[in-house]
Amino acid sequence: MTAVAIFAKTAALSPVKTRLAAAIGPDTATVFHRLSAWACGSVVTACAPLLHGYWAVAEQDGLGHTDWQGHPTLWQGEGGLGRKLHTIYAALQERHGRVLLLGCDAPQISPAKLLAAARALETGPHPFVMGRAEDGGFWLFGGRLPIPAEVWMAVPYSQPDTAERLLAALVPIGGTGFLPTLRDVDEAGDLAPLATALAALPQPLPEQVRLRAWIEALPRQAVVTYLEDQAS
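Residues numbered from 1 in each chain as written. Predicted model: local features only at pLDDT ≥ 70, side-chain atom pairs only at ≥ 80, totals over all residues. Heavy atoms only, no water.

Comments concerning the layout of surface pockets
Here is step 1: Considered as a void within the structure, the largest pocket measures approximately 1100 Å³ in volume.
Here is step 2: Lining the largest pocket are 37 residues, and of these Leu81, Asp105, Ser158, Asp184 and Asp186 sit closest to its centre.
Here is step 3: Looking at the lining of the largest pocket, the elements with two or more residues in it are strand S1 (2-8), helix H1 (18-24), helix H3 (81-96), strand S4 (99-102) and strand S6 (138-143).
Here is step 4: When residues of the lining of the largest pocket are assigned to their parent elements, the largest contribution, 3 residues, is made by H3.
Here is step 5: Across the lining of the largest pocket, the residue classes tally to 16 nonpolar, 10 polar and 11 charged. (1 Å grid on protein atoms, 1.4 Å probe; cavity = no way out; pocket = protein on both sides within 12 Å on 5 of 7 lines; lining within 4 Å. Points joined across faces, edges and corners; volume = space filled by probe spheres on them. Helix = DSSP H or I, 4+ residues; strand = E, 2+ residues; numbered from the N terminus. Nonpolar A, V, L, I, M, F, W, Y, C, P; charged D, E, K, R; others polar.)

Quick look at the structure:
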């Protein structure tokens, strides 16, 4: 069975969505983070029993937090993002053989996309699979082979070439198949496109419907002011 680890921070213990918070305030950004994470969690739940979901939680003290229900929790461990990706990937790849790593900033994902990623790992010609993000990162990565820690840790994250650098580092190990590119949410300007993407889902889950309604009800003035400031 393919494992899926959803990477998330516990808002009560760590700052979340700092760039988004600059536009809409930290309290509102925290609400978005929770709703987005829960929407992603619901998609993983909808794939059971074909996929086995986990919350990969940034804080050791957050493993038992009430935000993370419906799936067992794993601690991402110490270190930077590359080290944390390695920690979770290595543990689940050894346990399950096939593993998907999923962020919680692209809640417009669907069960069909996750199951397509799992099928690619199970029967596809490539040992790895990636869903690119429009900003140059990736919203999903999966594999069925071990990846050395130094591969993960050599990649610069949150950069326009993050996905390309990881793909290049994987070439000596094996090839990569691809899922559709998605736009994840980092800043205020990403919210309206997300609402549009959620509206376009043929069968949105209740958590996705809730998130879309929340975005559409969000007061616009702070967002508009922020975007105007960035353009000036």
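Topic: the packing of aromatic side chains
Here is step 1: This model, assessed by the stated rule, comprises 7 aromatic pairs.
Here is step 2: Considering the side-chain rings of Trp55 and Trp68, the 4.8 Å spacing of their centres and the 45 degrees angle between planes classify their relative orientation as tilted. Of this pair, Trp55 sits in strand S2 (residues 51-57) while Trp68 sits in the loop between S2 and strand S3 (73-75), and the two are 13 residues apart along the sequence. When sorted by exposure, Trp55 lands in the same class as Trp68, which is buried.
Here is step 3: Judged by centre distance (5.8 Å) and plane angle (25 degrees), the rings of Phe128 and Phe141 are stacked. (Phe/Tyr/Trp six-rings, centres within 6.5 Å; stacked < 30°, edge-to-face > 60°. Buried < 20%, exposed > 50% of the residue type's maximum accessible area, 1.4 Å probe, protein only.)

A word on the pairing of S6
Here is step 1: The buried fraction of S6 amounts to 6 of the 6 residues, a majority that puts the element mostly inside the structure.
Here is step 2: Where S4 lies against S6, 4 bridges are found, and the strand directions are antiparallel. Looking at the pairing, Leu100 lines up with Gly142 of S6.
Here is step 3: In terms of strand pairing, strand S5 (residues 128-133) meets S6 through 5 bridges, oriented antiparallel. Of the residues in S6, the one forming a bridge with Phe128 is Gly143.
Here is step 4: The hairpin turn running from S5 into S6, its antiparallel successor, is 4 residues long, and Gly136 in that turn takes a positive phi close to 100 degrees. (Pairing = 2+ DSSP bridges.)

Here's the deal with helix H8 (residues 206-217)
Here is step 1: Across its 12 residues, H8 extends 17 Å between first and last C-alpha, which sits within 8% of the 16 Å expected from 1.5 Å per residue.
Here is step 2: Among the residues making up H8, those that are buried are Gln208, Leu211, Trp214 and Ile215. Projected onto a plane normal to the axis of H8, the buried residues spread over an arc of 125 degrees and lie on a single side. Facing away from the buried side of H8 by more than 90 degrees, the exposed set consists of Pro206, Arg210 and Ala217.
Here is step 3: Among the structural elements, helix H2 (26-46) and helix H7 (191-199) are those in contact with the buried residues of H8. (Expected span 1.5 Å × (residues − 1). Arc of directions from axis to C-beta. Contact = heavy atoms within 4.5 Å.)

Quick word on the environment of Pro202
Here is step 1: Tracing the chain through its elements places Pro202 in the loop between H7 and H8.
Here is step 2: Sequence-wise, Pro202 and Thr123 are 79 residues apart; in three dimensions their C-alpha atoms are separated by 26 Å.

Remarks on the state of the cysteines
Here is step 1: Considering all chains together, one arrives at 0 disulfides under this definition.
Here is step 2: Free of any disulfide, Cys47 has its nearest cysteine sulfur in Cys40, 12 Å distant.
Here is step 3: Residue Cys47 is classed as buried on the basis of its relative accessible area of 2%.
Here is step 4: Note on Cys104: no disulfide assigned, nearest cysteine sulfur contributed by Cys40 at a separation of 5.9 Å.
Here is step 5: Looking at Cys104, the relative accessible area reads 5%, which means it is buried. (Disulfide = S-S within 2.5 Å.)

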